[in-house]
Each structure stands twice: as structure tokens, then as C-alpha cells.
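Per-entry structural report
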Amino acid sequence: MGKYLVKRVLLAIVSIIIVSAIAFFTMNLIPGGPFNKEKAQSPEAIKVLEERYNLDKPIPQQYVMYMGNLLQGDWGVSLKTGRDIWTDISSKFSVSARLGGSAAVVAIIFGIILGSIAALTRNRLPDRLIVFFTTLGTAMPSFVLATLLLLVFCLKLGWFPVWTSQDPNYVLPIIALSVYPMAYITRLTKTSMLDALNQDYVRTARAKGVPRHKVIFMHALRNALIPVITYVGPMVAYILTGSMVVENIFTIGGLGSAFVTSITNRDYTTIMATTMFLAILMVIANLLTDIAYKLVDPRITFK
Amino acid sequence: MQSDNTVYRRRQLLSSQIDLSKFNDKNFEKATEDEKRQQDVMGESTTFLKDGLRRLRKNPLAMGSICVLLLIVAIIIVAPHICPYSYSQIITVNGVRDKRATNLGPMEFSKLEMDYMEETGEKLFPHLLGTDSLGRDYFIRVIYGTRVSLSVGIVAAIMVLIIGLIYGSISGYFGGMVDMIMMRIVDVIYSLPDMLIIILLSVVLKETLQPAIAGTALAKLGTNMISIFIVFALLYWVGMARLIRGQILSIKNNEYVLAAKAIGTKDGRILRKHILPNCLSVIIITTALQVPSAIFTESYLSFLGLGVSAPLTSLGSLANDARGAMQSYPIRLVVPAIVICLIVLALNLLGDGLRDAFDSKLN
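Quick notes on the rules
Residues numbered from 1 in each chain as written. Chains lettered and ligands numbered in written order. Predicted model: local features only at pLDDT ≥ 70, side-chain atom pairs only at ≥ 80, totals over all residues. Heavy atoms only, no water. Helix = DSSP H or I, 4+ residues; strand = E, 2+ residues; numbered from the N terminus. Rg over C-alpha atoms; globule rule 2.2 N^0.38 Å. Contact = heavy atoms within 4.5 Å. Buried < 20%, exposed > 50% of the residue type's maximum accessible area, 1.4 Å probe, protein only. pLDDT = per-residue confidence, 0-100. Expected span 1.5 Å × (residues − 1). Domains from an automatic or database assignment. Buried area = accessible area lost by both parts, 1.4 Å probe. Salt bridge = Lys/Arg side-chain N within 4 Å of Asp/Glu carboxyl O. Polar contact = N/O pair within 3.5 Å; in protein donor to acceptor, adjacent residues only side chain to side chain. Core = buried A, V, L, I, M, F, W, Y, C linked by side-chain atoms within 4.5 Å. Axes fitted to C-alpha atoms, helices over the stretch in contact; angles between N-to-C directions. Parallel < 35°, antiparallel > 145°, perpendicular 65-115°, else oblique. Left-handed = near helix turned anticlockwise from the far one by under 90°. Nonpolar A, V, L, I, M, F, W, Y, C, P; charged D, E, K, R; others polar.

1. Concerning the overall build of chain A
- From N to C terminus, chain A includes 13 helices and zero strands.
- Each helix and strand of chain A, ordered N terminal to C terminal, gives the series α-α-α-α-α-α-α-α-α-α-α-α-α.
- Over its C-alpha trace chain A gives a radius of gyration of 24 Å, far above what one expects of a compact globule, namely 19 Å for 303 residues.
- Principal-axis analysis of the C-alpha atoms places the extent of chain A at approximately 85 × 55 × 30 Å.
- In chain A, the share of contacts with a sequence separation of at least 24, taken over all contacts with a separation of at least 6, comes to 72%.

This is the structure:
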């Protein structure tokens, strides 16, 4: 376990370094520097500015300095607004975290419930209905679902108010974000639950006369949930990238919509910092997922 | 020695029990053709592919999906030849730009067009889905959007297939140190957040590639499309490579591979003739499921404004453009959305059907 832990953490660090290197070096390929304004500045002024922000140093050295600053919590300054990026990220992320966290919880709870129902009523009506809707759910891009939800329930029927920062209503955005992971978890739970129900220990429990609900919840479901853990990491990645689109559609002022705005504004320092922030979150989520999986199921040996 | 003797003796006893007097000429007559045929093994011999296709044909969902996909492909091939408009053309009547032909409803004509039809008695081709805010025929834009989205999916899947196949088979077949190093590289790439890198590269390549490809055929495709392909070529093959490596590891220890090695067959030939045909099921299924995921990625990027360059369009960018006026013209949002869902759904169901039909472990 210790050896595995070290290996896994090293892999996570390597991937963060690679993402940051890709981000930093590609961003430097873009023609034009941060001080190129429409009004021409004197070369002396630009030189002083470049020295001030260390832009006259070679790019590899700049990269090392950037990473050093990052570790100390200095994420740079936005090119467009001139504000400190970290303050922006942390304030906007609290909104996104609330939305994404609720979506993850909804997806996990409903996914497990629906998956178990489908497994227990195999080839009967509830199972078929669930399979039908999960297949549909995985075939719909999140932005299509989000726009249709907004159009139908918010604008045409008026059941839900439009999101504002004073009166945040998260119901529709949560639905839009959670349908895909929920459908995926439903499928996973169904397959592993069917597998678990056919195991010897379930037959033994039944033979002993353990009540049906106890067999399902204590014996089958507990073991069926192990594969679901593996999906938590990818789900975090999905929700983080999905929230860019969903927040943008529902005009929620979170990190996702801020990222999209920075892309359209070509605000490179913000793009870079947000990418790093999201990448670190995703890599940590994957790391925790793998460790949790290993802890829960000691049979698994990673090579 | 003793046991041998007893067996011998028992045999003698048995043969002596056969009553030879019962045999006559009739027993030694040649069998007729009919009787011979009774000895034939029933059922034709099938190949792996035939067997799989037979099972696939019995799956109504998969066959339905194939029909839907064929229908969509037929429409996007034929429609531009029938429909006189083009995806970038603003409607003109008699060589004059028709300024009022914007935002028409389905099957509507503008005033200028109706006047023209009355004057000349000619019938103009109807705008099946109306026109967009610039006065372009929306039906033909959906057709071209579908063309772009589908071809992105297919090209990306083929790229993933080729790179993953070569990488995975080298790693799996040679094993040892080569395998170790190659798989560590795969591990690292696998742990990168792919969507973020796609966005990052799209942003950067949009700026840097533009001058490099200006004037070439690639310029029409747009830098974003190229960056999507680059990212697929860089990142998405790892899943395929892992799968193929796993398959090859389990196949290469079979006796027939050993026999081929023993008679001095070259490595490349063993891979091509003996190992890869046995991985075919995994390859087919994974490639089929790669297409919808590429279409998803493309539509997502189009939505972020990182998709194909105007005036070319894709289903994702059509849906995105329609968002601004979705309350007044919901049809412009709904149509591309339905087409995306239909394509992805059909491809997913087909992929599932292929898995059921070709995965020998499930049968």
C-alpha cells in the first residue's frame, strides 16, 4: 500500500507539471505580449515593464518562477481587468462548488437507487424504462439539455425563475449537470448489482433465511458499490468541464462561465490560471478515487 | 507385463464372440449417395465476421440504428445536390440580395421571392426549415453541420484507431522493458485532464496556426478543427492502446503463436496474421464508440466558440448560434439538437449491439 501510494502521488505530481508546462509554453507561443496596446508605447517603457514582470528572462526560467509563485499562492494578474486572479477564482469557485457538489450528490444518490431498481426488476417494466432513459441521457450533450430545460421550464412554462445572485435557484442547472453522470452511475450500479446478486455469498444468505431487504442492502449492494467509486474521479472532471457550459447558459456567475468569458476575451493569464486550478482539482479527485478504491477493495493489486 | 497380457486375452475373447456366420455380401455393399450425405457434418462453417454479423442482424436495436445512420448519411450526401442553396449563400432573387429573406419560418417565402414566382411562374425551392438571421437557408446549413460533425467523429475515431493500434501492439507484443516504458507514458497521458488541454490548445492554435495555414485547403476547415484532431491524436488514443495491449498479452501466449515463432515467422507477420485478427472484436467495438465521443467533444467546443470557422458550421455551433433567439425561433435550436442526439444515440446503440455480437466472452 505504501509503495502504491508513493507511486500514485508521484504520477499525480508529474501530470500537474505536464499540464502546467503545456499551458505555459503554448501560451507563450501566442504572438503579441501583454504590453502590446493599440497605442504604441516607447521601447524604453516596454523594457522597464518587462524587467518589472521578469518577461525579459528566458522562457524556461519564467516557467520556474511562475510555478514558484503559484506554490506561494500568487496566481498572477488578469490581463483584462488587472485584478488578482486568485481572489476572482476563489470567490467564483464557491458558487461553482455549490452547484457541482449538489449535482454530484444528486447523480450518485439517484444513480445508485435507479441502478439497484433496474437490477432487481431485470427485464421487467421498471428496468426497461430506466434503461431507456439512461440511454437517452448519455446521448444528449449537456449544453443541449441545459438549453432545452431553460427554454421549456424557465422561459415557456415559467416554473423556475432565472438565476440571479440575489435569488439563486439551482434546480435546473443541477438537473442539467447531473443527468449524464447519473445515467452512467445507473448503468454501473446495475451491472455490478446483477453480478453481486449471482454470487455465492448472496445465495448462502438467502439459504440461511436472511430477510430479502437485508440481503439486498447488506450483502449485495455494499459490494456492488465498489465499481461506482472508480467513477467518482471522471465524474468530477465531467462536472467541472460541464459546468462551463451549464453556468454560461443559466448565466450563473461561477468559475465555469468566468473561464468561458476569459476564452472569448483572450485573457491568457486568467485562462492559464483557471486551467491550472481545474487541472489540480481533477488530478486530486482522480488520486483520491484510486486510493479509496484500493482501500475499499484489498483484492485489487495495481501494477 | 501382466496387465498387458490380460488386455490381450480379453480382446481375443471379445473377437471370438462375434458370430461371423451373420455376415453376407449385403453387408459389404457400397453406401448410396443418400446414405453418405447422412454422415456429413450439418451446418455451414462460419467465419468470425459472418458469425458476428449474423448475431448483429438479430438485434433489432442495432439494425434500427444502422438504418437511421444510413438514412442520415444518404440525406447529407443527396440533399446538397437537390437543394439549390449553399450553406454560406445569402438568399438572392434574380441576382439581387433579398434583404427581407431573414428569419423566415419553415416553408415560408419572402415577399421578393413570391413576387418573383408570380412574375415568372417559376417555382422556387422551399426553405424547408426557414432561414437564419443572415438570410441563409437553414435546412442546408443543418445538412452541412451534420456533414462536419459526422466527419469529425469518423476521422477522429480512425486516428485514434491507427495510433492506438500501433502503439498498443508494439507494447504488448514486445513486453519487458519496452512495455514498461511505453505503459508509463500511457499512464501519464491518461491522468491528464483531456478536456482542459483541448480547450487550451484550441485557444493557442487558433492564434498561432492561422497565419501558417492561410491560403491552403486546411484554412477552410479552420484552425479549431485541426486543433481538435491534434488533441485526439495526442491524447485520446491511450484508452485504445491499453485495450489492445491487454488483448495481445493474453493472445500471444497461445500455441499457434509459439508454432509460428518456431518456424521462423517474422514478428510483423505474426502480429498481422495471428494476433491482430483475434483482437478484432475489441477494435471494432472501441472504434464504434469513439465516434460519438468525438462528436460530443466537437459540439462542446463549438459551443464554447472554439469550433469550426464561419461560414462553415457544425451541429454544435448551429445550436450555439440559435441560443440568442431561442424564444422567438426555437426550431433553430431544436433541429440541430435532435440531429446530434439521434446520431449519438444510434452510434451508442450500434456500439452496444456490436459488443453483444462480437465479444466472444459474453456468448
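2. Some remarks on the environment of B:Leu333
- With respect to the helices and strands, B:Leu333 occurs in helix 15 (residues 330–358).
- B:Leu333 sits in the buried class, given a relative accessible area of 2%.
- Each C-alpha atom of the pair B:Leu333 and B:Leu315 lies 9.7 Å from the other, and the pair is 18 residues apart in sequence.
- Apart from residues lying up to four places away in sequence, B:Leu333 is in contact with A:Thr147, A:Leu148, A:Leu151, B:Ala319, B:Ala322 and B:Met326.

3. Regarding unusual backbone geometry
Residues and elements named next belong to chain A.
- The phi dihedral of Asn 123 falls on the positive side, at around 65 degrees, and the residue is not glycine.
- Within the secondary structure, Asn 123 sits in the loop between helix 4 (85–120) and helix 5 (125–138).
- One non-glycine residue, Thr 251, lies in positive phi territory at about 45 degrees.
- Turning to its location among the elements, Thr 251 is positioned in the loop between helix 11 (232–249) and helix 12 (255–265).

4. A few points about the confidence of the model for chain B
Residues and elements named next belong to chain B.
- Of the residues in chain B, 81% reach a pLDDT of 70 or more, and the chain-wide mean stands at 79.
- Per-residue pLDDT, averaged within each element of chain B, yields its smallest value for helix 1 (residues 2–17) (55) and its largest for helix 11 (residues 255–262) (89).
- Across the whole predicted complex the pTM is 0.78, and at the interface the ipTM reaches 0.76.

5. Looking at helix 13 (residues 280–303) of chain B
- Look at helix 13 of chain B: 35 Å from first C-alpha to last across 24 residues, which is about the 34 Å you get at 1.5 Å a residue.
- Of the residues trailing helix 13 of chain B, B:Gly305 is marked for its positive phi of about 85 degrees.

6. Focus: the domain arrangement of chain A
All names here are of chain A.
- Its domain assignment divides chain A into domain 1 (2–71) and domain 2 (85–296).
- One C-alpha centre belongs to domain 1, the other to domain 2; they are set 34 Å apart.
- The interface of domain 1 with domain 2 comprises 15 residues on the first partner and 13 residues on the second.
- In total, about 1300 Å² of surface goes out of reach between domain 1 and domain 2, with carbon and sulfur atoms giving 85% of it.
- On inspection of domain 1 and its partner domain 2, the count reaches one salt bridge.
- Of the charged contacts in the structure, one is a salt bridge between Arg 8 and Asp 290, with a shortest N-O distance of 2.7 Å.
- In this structure, the connection of domain 1 to domain 2 is made through one residue pair in polar contact (both at pLDDT 80 or more).
- Put simply, the parts of the chain that give the side of domain 1 that touches domain 2 at least two residues each are helix 1 (2–29) and helix 3 (59–71).
- In terms of residue count, the dominant contributor to the side of domain 1 that touches domain 2 is helix 1 (12 residues).

7. Concerning the nonpolar core
- In this structure, A:Phe250, B:Ile199 and B:Ile275 are the most contacted members of the largest nonpolar core, which totals 176 residues.
- By residue number, the principal contributor to this core is helix 15 of chain B, which donates 16 residues.

8. Quick look at the interface of chain B and chain A
- On the side of chain A, 46 residues touch chain B, which itself brings 39 residues to the contact.
- A buried area of about 3700 Å², summed over both sides, lies between chain B and chain A, and 80% of it is on carbon and sulfur atoms.
- When the area that chain B buries against chain A is broken down by residue, the three leading residues are B:Leu196, B:Leu200 and B:Tyr300, summing to 16%.
- For the pair chain B and chain A, the number of links is one salt bridge.
- Of the charged contacts in the structure, one is a salt bridge between A:Arg187 and B:Asp352, with a shortest N-O distance of 3.8 Å.
- For the interface between chain B and chain A, the tally reads one residue pair in polar contact (both at pLDDT 80 or more).

9. What to know about the pattern of salt bridges
- What the rule picks out here adds up to nine salt bridges over all chains.
- Salt-bridge contacts for B:Asp352 lead to B:Arg355; the nearest nitrogen and oxygen are separated by 2.7 Å. A residue pair is termed a helical-turn pair when its members lie 3 or 4 positions apart in one helix, as B:Asp352 and B:Arg355 do in helix 15 at three residues.
- Residue classification places B:Arg355 among the partly exposed residues on the basis of a relative accessible area of 30%.
- One network of salt bridges, with partners in common, ties together A:Arg187, B:Asp352 and B:Arg355.

10. Thoughts on the packing of helix 7 (residues 171–197) of chain A against helix 9 (residues 212–224) of chain A
Residues and elements named next belong to chain A.
- Where helix 7 meets helix 9, the axes come as close as 8 Å, and the angle between the chain directions of the two elements is 130 degrees. The angle between helix 7 and helix 9 places the two elements in the oblique class. The chirality of how helix 7 crosses helix 9 is right-handed. For the pair helix 7 and helix 9, the contacting residues are Ser 192, Met 193, Ala 196 and Leu 197 in the first and Ile 216, Ala 220, Leu 221 and Ala 224 in the second.
- When grouped by side-chain class, the residues that make up the contact of helix 7 with helix 9 number seven nonpolar, one polar and no charged.

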